[in-house]
Structure formats: structure tokens, C-alpha cells
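The chain contents come next:
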Amino acid sequence: MLRTSHNTPLRVALFGGSNSIDRDQAYPRQLLERLRKWNAAPVLHNLAIGATGTLLPSFCASAVLPPVDVVIVETGSNDAITWPEQPIHYNMPPNRPQLNPPAAMERLLRALPASTRVIVFAVCGPGLPENGRLMKRCPTIHMDVAMRYNAYYLDLLRATGPQTRHHVPMNVLFDTVGAGGIHLTQDGNHHAARVLDETLFWMFLDERARNQGIVRSSDHPLPPPLHLDPSWELVDSPWHCRVCTPRTACAHVRPVQPPVGFQMSTREVLEFTGWKKYGWETKAMPNATITFDVAGHVLVAFA
């Protein structure tokens, strides 16, 4: 049964990169404040980690995702810049299929609990001269996967474009001088919170949106994979999710009460070194460790 009452707490989880991590003026906190205006006691679990793309939640979601009504997957530059010019590499047999960003998104959507609504949130800045060409494809990377699985595809640029009543130029939404041309400005965070709030309000309180965003239910069974090689579904959900840096040993990562996000014993090091590696041990491949670097490359190493 869909949770659609003003008086029923709305439970939201957010995966994403640096634009979505918990900060005072970032859009997740603004979104929570907006939700409180029409929902009795909304809860936002911010599970974002900077410098990560879709690969991270495609393996880690089941380990950290609490029971929620909707999952927002913020995606953008970290997927666009690292694929396909910097393909994902494997320390494994050469015939192993790639797990590129669209396939990783598909893996994530197929693994989410039934009847969970999903918003794929494309936050695509212009980039800088050295990566602007790659960023042009950003808004469409996950569009076909979202459509195939009935996820709601929300493009920030389209939602604030000239055809809308809240037209906002790109150079107002994004810092086009520094930070790679991919990070939201204060105005950008404001509008990101606004369009997400409007989408959630419509999804849960408008009868016409009864099934919008539901990836898998009795009415929406999973379709055959579009990009995902079936062998990747044999790599089971992780029971151990950890974060490492070159300067520290691995630390367990666990979600805590919002709006803190992830609590890590090496948090300061993780946030300021600019390099991370994520690893999982899996039941299906007990002698393998799956790791990701800051560019989103995945390495499967067999012991």
C-alpha cells in the first residue's frame, strides 16, 4: 500500500556524490526543510559520499539502505567524466563484461526493495574546457535505464530551463569557474531542493502519480536487463562495506541518524585527501574483493 498521507512520515534515502553530501547550505538540508511544510515528520537518510558515481550504491545500497518510501539517486559528473573514455578495468579474465555507469544504475534499480519509488536526479554542470565535451552527454547517460524501470527521471537543467516558470541560467546553477564546473552554487542548491520537493509532493499526493517511480511491484515486474550482464547479478549484496584511504586502514561505514549521513572514524582524512577506495567482500565470490577508486574505476581482484 502506498504511503500518501500528509500525516504519514515520508522516508527518503539519497545516494550521490559531492553535490549531495551533508553541508549547511546543500540541497539535502533545504529539501528536508521543504518537506516539513507538507509532511508531518519526513526523514532524509543522506547516504552520499563525495567523488562517487553510480558504481558505489550499485554494490553498497543493500548494506546501508534503511526502510524508505523513495530513493533519490543523484548522478552526473562522476559518471559522465569517467565513461567511456576512462573505461572500467578488471584484474580478472578478459571476457568479463564491463560494469559501466548505465549497467551499474540498472544493477542498483534491480536490487532495490519492491514498491520503493526511485528518482534518478541528473545534476549536470557544464564542466571546464578539459572535460566539457564529456559533460555534454551527462543528462542522457541514465535516461534509457530510468525509462525501462519506470524510475522518475528528473534533470535539473530541464526542470529549470527556458520552458519553465523558474528559468535559471546554467551559470547561476553551477560554479563555472572553479570546482571543475560541476558543483552547485548556493542558487543551484536552492533550485535542486525546490524541484525535488515539487516532484515528491506530486508523487505522493496526486492520484495521477499512483505508480510513478515504482521500479518493481506486482504491477511493475522487472524487465530483462538492458545494459547489465546477468553475471553481475550473481555477485551478491555485500555484508561488509568499508572505506579505505592511502593513509589509513579500512574503517567500517555505517549510516547514522540524518542529517549526519555516513559516520566514519577517518572522516576528516576521507574528505580532504581527494582519494578513496571502496571494497566489498561477497558471498558469491569469497576469494574476491571489489574495489573502486575516486575516478569510479572498478577492480575485481581474486586472492
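Before any of the text, the structure's been laid out above.
Being a predicted model, the structure only gives us computed values, none of them experimental. (Residues numbered from 1 in each chain as written. Predicted model: local features only at pLDDT ≥ 70, side-chain atom pairs only at ≥ 80, totals over all residues. Heavy atoms only, no water.)

*Asks:* What's the story with the environment of Phe-204 in this structure? I'm lost.
*Replies:* For Phe-204, the location among the structural elements is in helix H9 (residues 186-205). In this structure Phe-204 comes out as buried when scored by relative accessible area, which is 5%. Through-space distance from the C-alpha of Phe-204 to that of Leu-10 is 9.0 Å; in sequence the pair is 194 residues apart. (Helix = DSSP H or I, 4+ residues; strand = E, 2+ residues; numbered from the N terminus. Buried < 20%, exposed > 50% of the residue type's maximum accessible area, 1.4 Å probe, protein only.)

*Asks:* Quick question: what am I supposed to make of the state of the cysteines here?
*Replies:* As used in these notes, a disulfide is a covalent bond between sulfur atoms, one from each of two cysteines. Following the criterion strictly, the structure yields one disulfide and no others. The partner cysteine of Cys-124 in its disulfide is Cys-138, sulfur to sulfur 2.1 Å. Judged by the sign of its S-S torsion, about -70 degrees, the cystine formed by Cys-124 and Cys-138 is left-handed. Note that Cys-124 is positioned in the loop between strand S4 (117-123) and helix H5 (132-135) and Cys-138 in the loop between H5 and helix H6 (143-148), a separation of 14 residues in sequence. When its relative accessible area of 4% is taken as the criterion, Cys-138 is described as buried. (Disulfide = S-S within 2.5 Å.)

*Asks:* Honestly, the sheet that holds S4 in this entry has me stumped. Any pointers?
*Replies:* Within a sheet, neighbouring strands are paired by backbone hydrogen bonds and run either parallel or antiparallel to one another. With parallel pairing, the five strands of this open sheet are ordered in space as S2-S1-S3-S4-S5. Of all strands in the sheet, those with a lone pairing partner are strand S2 (43-46) and strand S5 (152-155), marking the two edges. On average, adjacent strands in this sheet sit at an angle of 20 degrees to one another, irrespective of strand direction. Direction of pairing for strand S3 (residues 70-76) relative to S4: parallel, over a ladder of seven bridges. (Pairing = 2+ DSSP bridges. Axes fitted to C-alpha atoms, helices over the stretch in contact; angles between N-to-C directions.)

*Asks:* How should the nonpolar core be read in this particular structure?
*Replies:* In this structure, Leu-109, Ile-119, Phe-121 and Leu-156 are the most contacted members of the largest nonpolar core, which totals 61 residues. Looking at this core, the element that brings in the most residues is H9, giving seven residues. Residues within four places of Phe-121 in sequence aside, it is in contact with Tyr-27, Ile-72, Val-73, Glu-74, Thr-75, Leu-154, Leu-156, Ala-192, Val-195 and Leu-196. Ranked by size, the runner-up nonpolar core spans seven residues in total, among them Phe-59, Ala-103, Ala-104 and Trp-232. (Core = buried A, V, L, I, M, F, W, Y, C linked by side-chain atoms within 4.5 Å. Contact = heavy atoms within 4.5 Å.)

*Asks:* What is the right way to look at the packing of aromatic side chains in this model?
*Replies:* Each aromatic ring pair is specified by the distance between its two centres and by the angle formed by the two planes. A full pass over the atoms with the stated rule returns three aromatic pairs. With a centroid separation of 5.8 Å and 80 degrees between ring planes, the pair formed by Tyr-27 and Phe-121 is classed as edge-to-face. Of the two residues, Tyr-27 sits in helix H1 (residues 27-35) while Phe-121 sits in strand S4, which places them 94 residues apart along the sequence. In this structure, Tyr-27 and Phe-121 share a single accessibility class: buried. An angle of 85 degrees between the planes, with centres 5.2 Å apart, marks the rings of Trp-38 and Phe-201 as edge-to-face. With a gap of 163 residues between them, Trp-38 in the loop between H1 and S2 and Phe-201 in helix H9 connect regions that are remote in the sequence. Residue classification places Trp-38 among the buried residues on the basis of a relative accessible area of 11%. By relative accessible area, Phe-201 is classed as partly exposed at 39%. (Phe/Tyr/Trp six-rings, centres within 6.5 Å; stacked < 30°, edge-to-face > 60°.)

*Asks:* How should H1 be read in this particular structure?
*Replies:* For an α-helix, 3.6 residues make a turn, and residues three or four places apart therefore share a direction. Along H1, the positions that sit buried rather than exposed are Tyr-27, Pro-28, Gln-30, Leu-31, Leu-32 and Leu-35. Those residues of H1 that are buried lie in contact with strand S1 (11-15), S2, S3, S4 and H9.

*Asks:* Please explain unusual backbone geometry as it appears in this structure.
*Replies:* Backbone geometry at Ser-115 places phi at a positive 70 degrees, although glycine is not the residue there. Residues other than glycine seldom take positive phi values, yet Asn-150 does so here, at roughly 65 degrees. With respect to the secondary-structure elements, Asn-150 resides in the loop between H6 and S5. The class of Asn-150 is partly exposed, set by a relative accessible area of 23%.

*Asks:* What should I look at first to understand the packing of H1 against H9 in this one?
*Replies:* If you want to describe how two helices pack, look at the angle between their axes and the distance between the axes. Contact pair H1 / H9: the axes reach a minimum separation of 8 Å and the direction vectors enclose 40 degrees. By the angle class used here, H1 and H9 are oblique. Crossing geometry of H1 relative to H9 is assigned as right-handed. Taking contact as the criterion, the partners of Tyr-27, Gln-30, Leu-31, Arg-34 and Leu-35 in H1 are, on H9, Asn-189, His-190, Ala-192, Ala-193, Arg-194, Leu-196, Asp-197 and Leu-200. (Parallel < 35°, antiparallel > 145°, perpendicular 65-115°, else oblique. Left-handed = near helix turned anticlockwise from the far one by under 90°.)

*Asks:* Sorry if this is basic, but what is going on with the pattern of salt bridges here?
*Replies:* Two side chains with opposite charge may pair up if their charged atoms get near one another. In total, this model carries seven salt bridges according to the counting rule given. In this structure, Arg-29 engages Asp-24 in a salt bridge whose closest nitrogen and oxygen atoms are separated by 2.8 Å. Look at Asp-24 and you get exposed, because its relative accessible area is 58%. A salt bridge links Arg-194 to Glu-198; the shortest N-O distance between them is 3.3 Å. Here Arg-194 pairs with Glu-198, and both are found in helix H9, just four residues apart, close to one helical turn. By relative accessible area, Arg-194 is classed as buried at 6%. Among the charged side chains, a network of salt bridges with common partners joins Arg-165, Arg-194 and Glu-198. (Salt bridge = Lys/Arg side-chain N within 4 Å of Asp/Glu carboxyl O.)

So yeah, pure geometry; function would need other evidence.
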